[in-house]
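A look at the structure
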Amino acid sequence: MTKRFGRGRGAVVGAAAVLALLAGCGAVPSSAPEIGGGSAVPPRPTGVEELTAPPSAPAVAAPSCDATASLRPSGPLPAAGRMPGGSTMARIAERGRLTVGVDQNTYLMGFRNPFSGELEGFDVDMAREVARAIFGDPTRIQFKVLTSEERIPALENREVDVVVRTMTVNCERWQKVAFSSVYYQAGQRVLVPSTSDVTGIESLGGRKVCATKGSSSLANVAGAPAGPIAVSVPNWTDCLVLLQQGQVDAISTDNTILAGFAAQDPYTKVVGPQFTAEPYGMAFPRPDEDFVRFVNALLERLRSDGTWASIHGRWLGAPPAPPVAAYRD
Ligand code: GLU
């Protein structure tokens, strides 16, 4: 009992830290736990669902494919400000800004800096390199904040030119969008309160595990052999609030996202090995193959000229070798 109380107090401090970090971020649940309050049942973030069946199980299984193989660059990168006539990039240049779908809830990858109000992180910096390649100016960009679930519809409806948002390339998604070559190799793990005895996904049978709706993380939790109870929410920070309130036993998603949580809340820890591979690609409307090839030429340059390594160093620590590009044509 004493232990649980201790955890509860930690949770309030942790929640306050998260709220401070993400202040001004509209996606933080407005119903934050009362600090020092007497309410017995803390209010939940909205949009919480408990799954009894695997999420978005495709009616017909997606055909197998090499999801990490993208479209080969068609030649050297054109100079900034000189996009080939009639290309998707020329249309973007004419508009005067690149529109990019990002996250504002994932510390280190895509988050809103509460002091500057600016979006920052590894994915945001990668997106700025695309704007720089088109315009010669990384600020010619308009961000649209998307949840995991909103990524594919935003591309299908052409609300954005590209999504750079911790997005795993997989065969099911390739049926609806196109992906760049892999620009980050993530993998799914588990985050629990630091007092928890959970050692990984295998010890979560019958226990509640949070992930966002529309994420591959949720499908991986729902399909885990141990049989955890998958709980879905709109935003990753909603998962952290549920964990801090003791309403779920764990969060399971990419190591990148969990690293951000662990940095935000010292009363949490990442446990167990990676149990999936989550290679990230930038995602595009399916027909925009010229833009995919352009970005792949850019990614080749960012990998070889040290830009990828310096962006990695800024957000995620000492860089490993960047992922090697694979192409399907
Ligand atoms: N990489 C996973 C995905 O693409 C989880 C990340 C997220 O949803 O933000 O679904």
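Please read all numbers here as calculations on a predicted model, not as lab measurements.

Scanning the entire structure with this criterion turns up one cavity of 30 Å³ or more. Its boundaries defined by the atoms lining it, the largest cavity holds a volume of some 60 Å³. The wall of the largest cavity is formed by 13 residues, among which Arg 151, Thr 166, Ser 215, Ser 217 and Asp 254 lie closest to the centre. Tallied by class, residues from the lining of the largest cavity come to three nonpolar, six polar and four charged.

This paragraph deals with the state of the cysteines. Tallied over the full model, the rule gives two disulfides. In this model, Cys 65 is linked to Cys 171 through a disulfide, with the two sulfur atoms separated by 2.1 Å. The sign of the -105 degrees torsion about the S-S bond sets the Cys 65-Cys 171 disulfide as left-handed. Of the two residues, Cys 65 is situated in the loop between strand S1 (49-50) and strand S2 (69-70) and Cys 171 in helix H5 (residues 171-174); the sequence distance between them amounts to 106 residues. The side chain of Cys 210 participates in a disulfide bridge whose partner is Cys 239; the two sulfur atoms lie 2.2 Å from each other. Between Cys 210 and Cys 239, the S-S torsion sits near -85 degrees, and that sign places the bridge as left-handed. In this pair, Cys 210 sits in strand S11 (residues 208-212) while Cys 239 sits in helix H7 (residues 236-244), placing the two residues 29 residues apart along the sequence. Using a relative accessible area of 0% as the deciding quantity, one classes Cys 210 as buried. Relative accessible area serves as the criterion here: at 0%, Cys 239 is assigned to the buried category. Shown here for the chain is a disulfide pattern of 1-2, 3-4, where each number marks a bonded cysteine counted in sequence order.

Take the packing of helix H3 (residues 122-135) against helix H10 (residues 307-316) next. Two measures define how a pair of helices packs: the angle their axes make with one another and the distance between the axes. At their nearest, the axes of H3 and H10 sit 9 Å apart, and the two run at 150 degrees to each other. With respect to each other, H3 and H10 are oriented roughly antiparallel. As for the relative orientation of H3 and H10, their crossing is right-handed in sense. Residues Phe 122, Asp 125, Met 126 and Glu 129 of H3 form the contact with H10, whose participating residues are Thr 307, Trp 308, Ile 311, His 312, Arg 314, Trp 315 and Leu 316. For the contact of H3 with H10, the residue count by class is six nonpolar, two polar and three charged.

The rules behind these values
- Residues numbered from 1 in each chain as written.
- Predicted model: local features only at pLDDT ≥ 70, side-chain atom pairs only at ≥ 80, totals over all residues.
- Heavy atoms only, no water.
- 1 Å grid on protein atoms, 1.4 Å probe; cavity = no way out; pocket = protein on both sides within 12 Å on 5 of 7 lines; lining within 4 Å.
- Points joined across faces, edges and corners; volume = space filled by probe spheres on them.
- Nonpolar A, V, L, I, M, F, W, Y, C, P; charged D, E, K, R; others polar.
- Disulfide = S-S within 2.5 Å.
- Helix = DSSP H or I, 4+ residues; strand = E, 2+ residues; numbered from the N terminus.
- Buried < 20%, exposed > 50% of the residue type's maximum accessible area, 1.4 Å probe, protein only.
- Axes fitted to C-alpha atoms, helices over the stretch in contact; angles between N-to-C directions.
- Parallel < 35°, antiparallel > 145°, perpendicular 65-115°, else oblique.
- Left-handed = near helix turned anticlockwise from the far one by under 90°.
- Contact = heavy atoms within 4.5 Å.

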